[in-house]
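The lines below spell out each chain.
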Amino acid sequence: MERLRHDDPPRLGPYLTLARLDADSTDGGAVPERRYLARTADGERTVLLCAPLPDAAAPAAWAMEAELASRLSVPRFLRPASQGSEAGLPWYAVPYTPVLPLPAALAAHGGPLPEDLVRRIGAALAAGLAAAHARGQAHAGVSPAAVLLGAAGPLLGCFGAVRSAAPGGPPGLDPGCLAPELRSGGRPEPLGDVFALGAVLAYAASGHTVPEQSELPPGLRRLLASCLARDPADRPSAPQVLHALSTTGPARTPAPAPAAAPAATVLDEQAPPPLPGRVVAALAAQSAELLASELPAAPPARPAPQKVH
């Protein structure tokens, strides 16, 4: 949890903002939207509340992406439960559960995550992306900050950040996660998500979205290099990434990837990846701090417009 700033809205829809989810941008920590921990004035509902950045060029496009995300039922994708607009600023909300953005998880852990955990996170995200890609839908917003780690496993937020951005790239999206074809003006496609997933896993394993090969665990170098290939044709598909992460390990030779693999339910019955103790402690601290937060005074409601006779 981070303190609200002077330019943060005190209220969006029925929710009073209590704190920011994200710290100021650091390496891998750029976020293409504002995210708050918020609560209704009666204290009954606590949510993760998201809104476009103040300098977003197309808030209406952002709202359209939120609407699309609310209609998708994809494993590991953050799904808006409600949305609206306050003084022209669109927002959406999801029920609160303790989560840390991936950069905050690395900060809590004190550095890159263990290779086995990186593999488990990557497999869970690849399963979600594979399910979306099978429906012809690219996420178009995968980045370290889009990954939210919690006790139930990782979730992907920031859906559609690339599609809703103005020409030149979305503000707040780590440039290391933007595939070359997107930097040159191409439209988001599934293999662009694979590039971004490779950058996210490189970040989780090294602390950088564009690391040196020597910074990566040997067991991940070959797979991540293929995900980060400049030519989309040289990248694996999301099901192939899932297969590689699920069937190989640090001491094994990577198994040949099949042309297709089960995408939507392959991890459904598996336990979520165990998180390091310091990350669990940070999640517990966030929850405790939020429970102890006092609601700010609700800003006065705007008066209804008067009819002129």
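Basis of the calculations
Residues numbered from 1 in each chain as written. Predicted model: local features only at pLDDT ≥ 70, side-chain atom pairs only at ≥ 80, totals over all residues. Heavy atoms only, no water. Helix = DSSP H or I, 4+ residues; strand = E, 2+ residues; numbered from the N terminus. Buried < 20%, exposed > 50% of the residue type's maximum accessible area, 1.4 Å probe, protein only. Pairing = 2+ DSSP bridges. Contact = heavy atoms within 4.5 Å. Axes fitted to C-alpha atoms, helices over the stretch in contact; angles between N-to-C directions.

Draft legend 1. Geometry of the environment of Pro75. The residue Pro75 is located in the loop between helix H1 (59-71) and strand S5 (82-86) in this model. Pro75 gets classed as partly exposed once you look at its relative accessible area, which sits at 26%. Between the C-alpha atoms of Pro75 and Ala127, which are 52 residues apart in sequence, the distance is 7.3 Å.

Draft legend 2. Fine view of the pairing of strand S2 (residues 15-20). Within S2, six of the six residues are buried, which leaves it mostly tucked inside the rest of the structure. Pairing analysis gives two bridges linking strand S1 (residues 11-12) to S2, with the strands arranged antiparallel. Paired with Arg11 across the strands is Leu16, a residue of S2. The loop that links S1 with its antiparallel partner S2 comprises two residues; one of these, Gly13, has a positive phi angle of about 60 degrees. Examined bridge by bridge, S2 and strand S3 (residues 33-40) share five bridges and lie antiparallel to one another. Each residue of the ladder has a partner; that of Leu16, found in S3, is Arg39.

Draft legend 3. Layout of the sheet that holds strand S8 (residues 147-150). Ordered by their spatial adjacency, three strands build an open sheet running S7-S8-S9, and the pairing between neighbours is antiparallel. The strands lining the two open edges of the sheet, one partner per strand, are strand S7 (100-101) and strand S9 (153-156). Set on the sheet, helix H3 (residues 115-134) makes contact with S8 and S9; between it and S9 the angle comes to about 40 degrees.

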